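The lines below spell out each chain.
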Amino acid sequence: MRSCFRPGALYVPWNLHEPERGTFDFSGNLDLEAFILLAEEVGLWVILRPGPYICSEMDLGGLPSWLLQDPTSQLRTTNRSFVNAVNKYFDHLIPRVALLQYLQGGPIIAVQVENEYGFFYKDEAYMPYLLQALQQRGIGGLLLTADSTEEVMRGHIKGVLASINMKGFKVDSFKHLYKLQRHKPILIMEFWVGWFDTWGIDHRVMGVNEVEKSVSEFIRYGISFNVYMFHGGTNFGFMNGATSFEKHRGVTTSYDYDAVLTEAGDYTAKYFMLRSLFESILVRPLPPVPSPTPKAVYPSLKLSHYLPLWEALPYLQRPVTSNVPINMENLPINNGNGQSFGFVLYEMTICSGGRLHANAQDEAQVFLNETSLGILTDVYRDIDIPPITECQLLRILVENQGRVNFSWKIQNQRKGLIGPVTLDKIPLNWFTIYSLELKTQFFKKLRSARWRPLGGPSSSPAFHLGTLMAGSSPQDTFLQLLVSECPSTHACPRGVWKGGPRVLSLPHFNQGFQQVSVFLTFHCLRNNTSEHSGKVQTIIIRRQQRCGFSPRPPAPLHFPECGAANGFTCGFTSNCLTHTCHLFTLMGCSIKCILQLPSFPRILFFTRYILYL
């Protein structure tokens, strides 16, 4: 990367650094200072983008979900509740980076104030307030704003250099910027060389010739630009955001972005095009291209044991009991900070059938005892409960598929069951609520559970186990999820990118065996009322050190529930902590993958920090 570009732009995710109010984490994978110094060590300058809002297709744009607990708070405004939280965060964040600025002898050459506020623009006092908050804590030198070409007038701050984001060179794209600062240098903070993907939409790409044409024009006119993204990234764990235009769509786990380097760090045609272009104008020759990371093909892996979700409930933390349903963010857990990610299971007793109505965000499976009745979504909120002769247990398993990361809709991103649940318009009460955050500690507890041999398809949500033999000299590899038809006409994925990427990358195994567990919230519906019909599968891979995406020969993983005809995959990037892949299609049959790491090095090359170089 250094052979082509010198500065690297770093987003700082607030939701990771302050997962609970007043609890700050800048250690291990989140060691921001170590990362900035590592960039300096390899010869890179740094453009710091500290937020508090960063977008980045992360959950809630990088804002912590506990901000949603206060119904009076207005995100990204000078609302007292919000700015009080921002000030406390900046009090811990800014002192860590202030001494690393260029004027202090460090590698940070510029700092961006917030991100793309011109589109949001709900409070004209907000951006000046943030500028003052940064300056009062020691931020100086070159300060920037970044907005779309059409919104730059609304997002800029007096005395701060305005930059723009764009996907291609057009002369008229600069007209608003010229009106604002005609005699200042032009900086494109984000030159989009691809685009992110959402579930159910074809993979988005940008042609090599299109990128080459724009870059050539930038060079011709002396325009500075950042490539977004130079290296493909990953939405680790449940960190993915979502869009909500015509409907809610989660961002895929793979943030490959059709970038210059793939999610696994492999070269692309765009890389060699840019290298050739820069070689034609540089005086000094570029250094040799490093060899790609070696890959290996391993034998197929078959799942051997399973544990029904209902039998795993005792291994969760104590459930919450409430007369009314409580949304995820307001659950009285995690020291009063609620639940940020994962699933929530609501249980209640009913003594009659009828028409069930519930607002489930974002998707829920409904069970009568252990029998699946169907799916609820943010669009389809009703389901019929069959007649029953005695009281039974109604279960609603809700999945948070990612909070919107862009637009004013971030204000209304509470997950779980929102509002009352009714049966024939009569509110239900007395709920038992289980939080399924799927953290590492939970999976450690499952080791002592009584797992059953897997003899055939499972008819209810369950965790599944399998073992991959990596040998004494393990290498990077890719896991392909082989899925054919479930017992439904709308069951399984079709098309290479209809549901997401097809390769789950597994670099840097430990020696010996790798334990793989898969959470299947299994149900393939026999109706066509919703594109969500299908099943969700969650893959947890332990003792893994690094991750990446590349279309290389995979080690197949067979799902007996669906056969083994068609392959499905998802990808990660290098050195990650946790990883989730939502493989989702218009026809249903979702697959979700979560990578759990028990240990990791102190300094990691965190691609959600290095978004472009």
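Named according to an unreviewed UniProt entry, the protein chain is Beta-galactosidase originating from Bos indicus. What the UniProt record of the protein chain gives under Catalytic activity (unreviewed entry) is the line "Hydrolysis of terminal non-reducing beta-D-galactose residues in beta-D-galactosides." If you open the UniProt record of the protein chain and go to Sequence similarities (unreviewed entry), you find "Belongs to the glycosyl hydrolase 35 family."

Novice: Residue-level account of the nonpolar core, with values.
Specialist: Grouped burial of nonpolar side chains is what soluble globular proteins tend to show. Counting 46 residues, the largest nonpolar core has W14, I36, L63, F82 and F90 as its most contacted members. Contributions of two or more residues to this core are made by α2 (32-41), β2 (45-49), α3 (80-98), β3 (108-112), α4 (117-120) and α5 (126-136). Not counting chain neighbours up to four residues away, the residues in contact with I36 comprise L10, V46, L48, V97, L100, P107 and I108. Judged by nonpolar contacts, the second largest core, of 28 residues, contains A360, V366, L376 and L417.

Novice: Summarise the sheet that holds strand β23 (residues 426-427); cite the residues concerned and give the values.
Specialist: Two modes of strand pairing occur in sheets, parallel and antiparallel, and in both the strands are linked by backbone hydrogen bonds. The strand order β19-β15-β22-β23 describes an open sheet built from four strands, whose pairing is antiparallel. Two strands in the sheet have a free side with no partner beyond their single neighbour: β19 (382-385) and β23. Of the pairings in the sheet, the one linking strand β15 (residues 354-357) to β19 comprises four bridges and is antiparallel in character. Bridge pairing links G354 to I385 in β19.

Novice: Explain the environment of A98 residue by residue, including any values.
Specialist: Structurally, the position occupied by A98 is in helix α3. Given the relative accessible area of 12%, A98 is considered buried. When the C-alpha positions of A98 and G138 are compared, they lie 5.9 Å apart, and in sequence the two are 40 residues distant. Those residues in contact with A98 that sit more than four places away from it in its chain are Q104, R137, G138 and I139.

Novice: Kindly report on the state of the cysteines, identifying the contributing residues and their values.
Specialist: With the rule as written, the count across this model stands at one disulfide. Between C351 and C391 runs a disulfide, and the two sulfur atoms are separated by 1.8 Å. Torsion about the S-S bond of the C351 and C391 cystine: about 100°, corresponding to right-handed handedness. One end of the pair, C351, is in the loop between β14 (343-350) and β15; the other, C391, is in the loop between β19 and β20 (392-399), with 40 residues separating them in the sequence. Since its relative accessible area comes to 47%, C351 is described here as partly exposed.

Novice: Pulling in residues and values, what's your account of the pattern of salt bridges?
Specialist: Applying the stated criterion across every chain, the model contains 17 salt bridges. In this structure, R154 and E151 form a salt bridge, with 3.3 Å as the shortest nitrogen-oxygen distance. Through salt bridges with shared partners, a single network forms among D59, E329 and R403.

Novice: Residue-level account of the packing of aromatic side chains, with values.
Specialist: Applying the stated criterion to the full structure yields 31 aromatic pairs. A network of ring pairs unites the aromatic residues W14, W66, F82, Y89, F90, Y117, F120, Y121, Y126 and W408 as a single cluster.

Novice: Quick one: what's the story with the packing of helix α8 (residues 208-221) against helix α9 (residues 269-279), residue by residue and with numbers?
Specialist: Two elements in contact, α8 and α9, have axes whose closest approach is 10 Å; the angle formed by their N-to-C orientations is 30°. In terms of orientation, α8 and α9 fall into the roughly parallel class. The handedness of the crossing between α8 and α9 is right-handed. Seen from α8, the contacting residues are V208, V211, E212, V215, S216 and I219; seen from α9, they are A269, K270, M273, L274, L277 and F278. Looking at the contact of α8 with α9, its residues break down into nine nonpolar, one polar and two charged.

Reading the values: rules and limits
- Residues numbered from 1 in each chain as written.
- Predicted model: local features only at pLDDT ≥ 70, side-chain atom pairs only at ≥ 80, totals over all residues.
- Heavy atoms only, no water.
- UniProt positions renumbered as here; feature names shortened; annotations may be inferred.
- Core = buried A, V, L, I, M, F, W, Y, C linked by side-chain atoms within 4.5 Å.
- Buried < 20%, exposed > 50% of the residue type's maximum accessible area, 1.4 Å probe, protein only.
- Helix = DSSP H or I, 4+ residues; strand = E, 2+ residues; numbered from the N terminus.
- Contact = heavy atoms within 4.5 Å.
- Pairing = 2+ DSSP bridges.
- Disulfide = S-S within 2.5 Å.
- Salt bridge = Lys/Arg side-chain N within 4 Å of Asp/Glu carboxyl O.
- Phe/Tyr/Trp six-rings, centres within 6.5 Å; stacked < 30°, edge-to-face > 60°.
- Axes fitted to C-alpha atoms, helices over the stretch in contact; angles between N-to-C directions.
- Parallel < 35°, antiparallel > 145°, perpendicular 65-115°, else oblique.
- Left-handed = near helix turned anticlockwise from the far one by under 90°.
- Nonpolar A, V, L, I, M, F, W, Y, C, P; charged D, E, K, R; others polar.

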